[in-house]
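Chain by chain, the residues:
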Amino acid sequence: MRQVFRQTIQKYWWQLELLAFVILSLLWILPWDFSGKLYTGDDLGFHLNRIQGLYQAFKLSGNWFQIPAVATTAFSAWGYPINLFYPALSLIPAAWIQAVATGVGGYYVYLILLNLVTLGIAAFTAQRILKSRAQGFLVAVIYGFAQYRFLDFFVRGALAEGIVFAFLPLIFYGIYCLTIGDDRRWYWLAIGMALIALTHVISLVLCAVGVVIMLSMWVLRRDQLGWRLQHLGLATGTAILLSLSFLGPLVEQLKQVGKLGVAQYTLADSATQLGDLLSNSLDNATASNQINFGVLFLILTVLAIVAWKRLTAFDRYCLILGWVFVFMATNLFPWGLFQGMLGVIQFPWRFLALGCFPLSLVGTRALLIVCHALNTNRQWWLIPLAAVVAVGLSMSTSERLYRQVGQGTNKIVTNANYQATATQDTTTDYVAQKGQVSMAAVRTHSIPVMNTQPNGQVPTTLQQQQGQNLPNGLIYNLHSTVAQRIKLPQIYYTGYHVYVNNREQQPRLDANGVVHVKVPAGNSQIRYVYQRTPIQRLTGWVSLLTWLGLLGTMAYRWFRRQKAGLSKD
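These notes cover the structure that comes with them. Note that the coordinates shown come from a computational prediction; the quantities given were computed from them, not determined experimentally. (Residues numbered from 1 in each chain as written. Predicted model: local features only at pLDDT ≥ 70, side-chain atom pairs only at ≥ 80, totals over all residues. Heavy atoms only, no water.)

Turning to the overall build of the protein chain, a few remarks are in order. Within the protein chain one finds 25 helices and 10 strands. Reported as C-alpha extents along the three principal axes, the dimensions of the protein chain are approximately 90 × 55 × 50 Å. Looking at the protein chain as a whole, 55% of its 569 residues qualify as buried. Relative to all contacts within the protein chain whose residues are 6 or more apart in sequence, the contacts with residues 24 or more apart total 76%. Accessible surface, the protein chain as shown: approximately 24,500 Å² in total, 61% of it carbon and sulfur. The distance from the centre of the 42 positive side-chain charges to the centre of the 20 negative ones in the protein chain is 8 Å. (Helix = DSSP H or I, 4+ residues; strand = E, 2+ residues; numbered from the N terminus. Buried < 20%, exposed > 50% of the residue type's maximum accessible area, 1.4 Å probe, protein only. Contact = heavy atoms within 4.5 Å. Areas by Shrake-Rupley, 256 points an atom, 1.4 Å probe, with all protein chains shown as cover. Lys, Arg positive; Asp, Glu negative; His and termini not counted. Charge placed at Lys NZ, Arg CZ, Asp CG, Glu CD.)

Here it is in structure tokens:
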């Protein structure tokens, strides 16, 4: 009977694994999903505006695949070019879901999908590294239910950083292939880095540092270094081409805008203290100022130390690597030396994300070794039991957070206030510092207010009528009693064009970057719209063709191996 059971599992492994991941993804969002509530934490309101801006732009344009550059229905609806500075590719499914499941429920459906993808990718990579489907499953569960990942999604509301967790295993696997595995699979590193570049820019910087550190994996197999270095160069170049559709326009905008209003932090001060990190991890703390990686990773680390002599060189490397990233999260690391180079990361404890996957790998191996289940039938009950413990710890932490935040906080979102929360964010991170002083007036959408005289008097020569939001800009309808030059409630960005009565004007900019145009006496229609720049068009085509070429090549090789009867990649 037991033999039949094992054979059935082996025969239908991927179907059963998929079913398990679906169930686990439903458990991951408990008890929040049935409450009809969202806890926005530090940043979720910002990301809800990004999702809602995408959804409304798709609906206005009728094109559900073209990411708009600007937000004209969210972020106070003034035309904030958020998607030029903050990549939106990974939010497209969330916008699509909002079309059929609006509000809080649609967001939780998106989280289920994200968790399913994260578990699948983690299992895919771990199974190829450890050469065991069962061990790969446990690695995915430990990784997917990691405490720091929970904090990103449910406490900090850092949606983009949470999404990045889905792609970090691809980067680790890519480095593994380049250094000690089959370096012909260098493309996994390129795909992982590109997907992170198209999700979160700060995480791209973190991962670039992480890649440099993880290249030390070469010490485990010091052969064919020249060939492997060539493939590393190929992976780097391919990653840039794959993400050029976002990086190219970003550089173009930064060149025009100059210094942004993004908050700056001193890394030595914003890093966590090791003592606090460990104590908060023992407690599985759930406050955004109590960053930690959870008690489970501490337990797995102890098991790895106990099993040290029986670990492979790669297992030991994973343990050391994971704790290198933990060390970098603390103020013990000399962050003062890297402030100028890496100040953009803001908080060094973000490196904890990079440590989760290698610690999950070695933790799984150590658990099986200590329990004498590495190559025995004990795996059949030990792995499910360990998975239950990992999931249980995460669910208990989620339940505690649910009780702590309650109903009284202003950070709770329900369907009743979802629309307001998801459209009225007032962030100005990607407005030039010189333009910050004008933002209060810009958000009024009022031309008379923008043209208020120094004595505080609103001009009587201007009467603004009902305008219109477009997917790529705004229309202002105005009556002026005299011909005059006026200020629009807009900050200029490269790609914006202004049309007065269907005739394009070259706008003038004042010292704050506010747009000035001429209007004749009488009624005028002013269209202020964003049009894709030549750089956007060029880089978009380059990235698209690179993606098609790479994926086509991978598919061709996969089918050829299948035909030849070889194992899957």
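Picking up after the structure, the text goes on.
Helical geometry note: an α-helix holds 3.6 residues per turn, so side chains three or four residues apart project in the same direction. Across the 9 residues that make up helix H8 (residues 147-155), a large majority, 9, are buried. Regarding H8, the residues found buried are Gln147, Tyr148, Arg149, Phe150, Leu151, Asp152, Phe153, Phe154 and Val155. Immediately downstream of H8, the backbone of Gly157 shows phi near 70°, a positive value.

What follows concerns the sheet that holds strand E9 (residues 514-519). Taken together, 3 strands build an open sheet; the order of strands is E5-E9-E8 and the sheet is antiparallel. Looking at strand neighbours, the two that pair on one side only are strand E5 (484-491) and strand E8 (508-509), the edges of this open sheet. Across 2 bridges, E8 lies against E9 in antiparallel orientation. Across the sheet, Leu509 pairs through a bridge with Val515, a residue of E9. (Pairing = 2+ DSSP bridges.)

Applying the stated rule across the entire model yields 40 aromatic pairs. Ring pairing ties together the aromatic residues Phe124, Tyr143, Tyr148, Phe165, Phe172, Tyr173, Tyr176, Trp186, Tyr187, Trp188, Phe314 and Phe357, which thus form one cluster. Just above the ring of Trp28 sits the side chain of Arg149; from NZ or CZ to the centre is 4.6 Å. (Phe/Tyr/Trp six-rings, centres within 6.5 Å; stacked < 30°, edge-to-face > 60°. Lys NZ or Arg CZ within 6 Å of the ring centre and 35° of its normal.)

Tallied over the entire structure, the rule returns 12 salt bridges. Between Asp283 and Arg400 there is a salt bridge; the shortest N-O distance is 3.6 Å. Note that Asp283 is positioned in helix H16 (residues 274-283) and Arg400 in helix H21 (residues 379-405), a separation of 117 residues in sequence. Residue Asp283 is classed as partly exposed on the basis of its relative accessible area of 45%. Through salt bridges with shared partners, one network takes in Asp152, Arg156, Glu161 and Arg350. (Salt bridge = Lys/Arg side-chain N within 4 Å of Asp/Glu carboxyl O.)

Here the focus is helix H17 (residues 295-306). Compared with the 16 Å implied by 1.5 Å per residue over 12 residues, the 17 Å span of H17 between its first and last C-alpha is a close match. Among the residues of H17, Val295, Leu296, Phe297, Leu298, Leu300, Thr301, Leu303 and Ala304 are the ones counted as buried. Summarising the contacts, the buried residues of H17 are in contact with helix H7 (133-144), H16, helix H18 (313-328), helix H20 (352-370) and H21. (Expected span 1.5 Å × (residues − 1).)

The next thing to look at is the sheet that holds strand E4 (residues 473-480). Overall, antiparallel pairing links the 5 strands, which are arranged E3-E4-E10-E6-E7 in an open sheet. Two strands lie at the open edges of the sheet, namely strand E3 (462-470) and strand E7 (503-505), each paired on one side alone. Going from strand to strand, the sheet's axes swing by 25° on average, the running direction of each strand aside. For E3 and E4, the ladder comprises 7 bridges, and the chain directions are antiparallel. By the bridge assignment, Gln468 is partnered in E4 with Ile475. (Axes fitted to C-alpha atoms, helices over the stretch in contact; angles between N-to-C directions.)

By secondary structure assignment, the location of Trp186 is in the loop between helix H10 (168-179) and helix H11 (187-197). Residue classification places Trp186 among the buried residues on the basis of a relative accessible area of 12%. Separated by 141 residues in the primary sequence, Trp186 and Phe327 place their C-alpha atoms 28 Å from one another. Look past the residues within four positions of Trp186 in its chain and what remains in contact with it is Leu178, His231, Leu234, Ala235 and Thr238.

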